[in-house]
Amino acid sequence: MSDILIVDDERDIRELISDILEDEGYTTRLAGNSDDAMKEINAEPPALIILDIWLKDSRMDGIDILKTVKRDNPDVPVVIISGHGNIEIAVAAIKQGAYDFIEKPFNIDQLLVVIRRAMETSRLRRENQELRRSDVSSADMVGSSAAFRALVSQLDKVTKSNGRVMLSGPAGAGKDVAARYIHAKSNRASGPFVTVSCASIEPERMEEVLFGQESAESGVKPGLLEQAHGGVVFFDEVADMPLGTQSKILRVLVDQQFMRVGGSDKVRVDLRVISSTNRDLEAEIAAGNFRQELYHRLNVVPIAVPSLEDRREDIPELSNHFVAMLHQSQGLPMRAFSEDATALMQTMIWPGNVRQLRNLIERVLILGDGTGPIQARELPEDKGETGEEGRVVLSGALATLPLREAREVFEREYLLTQINRFGGNISRTANFVGMERSALHRKLKSLNVVTSNKSGARIAHVEGEDTQA
């Protein structure tokens, strides 16, 4: 990309610069006034603009054009040239986002050095953006359970549209990964993916972070919405967005434009919006914490992301994926999992969901002292702790029951855990626990254990329990 737009009201100067640049291998376009310049920029943004600050017989001067370019095409470097140069003009140009300022009559060698540096800076910025966009490790959807397949099926249906998506689910379930998956599969995949962490941004700074800032002292600082132009903005945990900001975001969704904090010009943006929440937004609306109008704007396509509890069958696949990912990114050892380690992980409680599983595997790989398969003894002990020599320590409630009742409680919880570990597959459960399938069915009936659909998967529960929670 070596296309340079030269904007100068003096024909001899713009043609001289053009001839020199074309001798250096660049492609050039020429404009003698602001209308022609804006027509060229709007037709196809150039790689760089050389811009005279004084343009006779034009509606806009160089500073006006510079402000417009930095608003609509912030990645295009602009080199300002002027025959009336002074320190005030140079400072004003740099504050408005110009790459450099050169006074006429300029030294050709100096101009070429500035252009090469500006082009290199622009190239590095584009490459950096492309690297961030091509980093799809966090967009990998891993699993094969029924609940996982149902989720991916829903995500695939929304990838090719511009519809706003609301991802709901518990913390750590992978809502951010689902959002990146939508982006990676969409026609905006080559555009930016910008995350707004609503819970981590200080409320008093939220508008400055989102909309950017504009002042005479510091110039223009683009916000996250501006950075997401042409791509996707992801409002992570949108329930944490301040009420005052919610009303302004609602206006952005309607108009696709906004003003920077301290600014007077409207900034146009082309965005697709994806949001996530681990709260009941309708309850937040009733409590006065969330605007109903914004909820309806964001909740066009609601998609529930299942917890790890609802997709235990995916734990072995996820675990191997995290080992490979940590080996590649951090150089941690490539280790497999023993059968007892896999079985233990599938029966553990995961309040932090997939994020907790990843963190556990990273800790095991860091603290482990071998390269062989990971054993169950290397995993942190669950609440059902074991004492010395593997002796099981009973919980207080279980220890107070007579043997027959305690055995029934244990059998019920054990079989519930195993059935859910195998995604509701009774045959696989029977094979693992060492029972005939018919005997297992009789045992489940005697314990009042049944299976039903939840999140696209078969989930075991005690008959009469609410499985919709």
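That block above? That's the structure.
To start, this report covers the structure provided alongside it. All values reported here derive from a predicted model rather than from experimental measurement. (Residues numbered from 1 in each chain as written. Predicted model: local features only at pLDDT ≥ 70, side-chain atom pairs only at ≥ 80, totals over all residues. Heavy atoms only, no water.)

With that settled, the discussion passes to the overall build of the protein chain. From N to C terminus, the protein chain includes 19 helices and 16 strands. The contacts in the protein chain between residues at least 6 apart in sequence include a share of 70% that link residues at least 24 apart. For the protein chain, the exposed surface amounts to about 24000 Å²; the carbon and sulfur share of it is 48%. (Helix = DSSP H or I, 4+ residues; strand = E, 2+ residues; numbered from the N terminus. Contact = heavy atoms within 4.5 Å. Areas by Shrake-Rupley, 256 points an atom, 1.4 Å probe, with all protein chains shown as cover.)

For the rest of this paragraph, the subject is the side chain of Gln-246. Turning to its location among the elements, Gln-246 is positioned in helix H10 (residues 243–255). Polar side-chain contacts of Gln-246 include one of 2.8 Å to the backbone oxygen of Met-241. If sequence neighbours within four positions are ignored, Gln-246 has contacts with Met-241, Asn-289, Phe-290, Arg-291 and Leu-294. (Polar contact = N/O pair within 3.5 Å; in protein donor to acceptor, adjacent residues only side chain to side chain.)

Let's shift gears to unusual backbone geometry. Here Gln-256, not a glycine, exhibits a phi torsion of approximately 55°, which is positive. Summarising the element assignment, Gln-256 is placed in the loop between H10 and strand E11 (257–259). Using a relative accessible area of 23% as the deciding quantity, one classes Gln-256 as partly exposed. (Buried < 20%, exposed > 50% of the residue type's maximum accessible area, 1.4 Å probe, protein only.)

Time to look at the pairing of strand E2 (residues 27–31). The pairing of strand E1 (residues 3–7) with E2 spans five bridges and is classified as parallel. Bridged to Asp-3 within E2 is Thr-27. Handedness of the β-α-β unit built from E1, helix H1 (residues 11–23) and E2 comes out right-handed. (Pairing = 2+ DSSP bridges. Right-handed = clockwise from strand over helix to strand, strands pointing away.)

As summarised here, the arrangement of the five strands in space is E2-E1-E3-E4-E5, forming an open sheet in which the pairing is parallel. The outermost strands of the open sheet, each flanked by one partner alone, are E2 and strand E5 (100–103). Averaged over all pairs of adjacent strands, the angle between strand axes in this sheet comes to 20°, irrespective of strand direction. Taken strand by strand, helix H2 (residues 34–43) contacts E1, E2 and strand E3 (48–52), and its axis lies near 165° from that of E1. (Axes fitted to C-alpha atoms, helices over the stretch in contact; angles between N-to-C directions.)

A few words now on the pattern of salt bridges. Evaluation of the coordinates by the stated rule reveals 24 salt bridges. A salt bridge links Arg-260 to Glu-226; its shortest N-O distance comes to 2.8 Å. You can see Arg-260 sitting in the loop between E11 and strand E12 (266–268) and its partner Glu-226 sitting in helix H9 (residues 224–227), a full 34 residues away along the chain. Members of the salt-bridge network, linked through shared partners, are Asp-8, Glu-10, Asp-52 and Lys-104. (Salt bridge = Lys/Arg side-chain N within 4 Å of Asp/Glu carboxyl O.)

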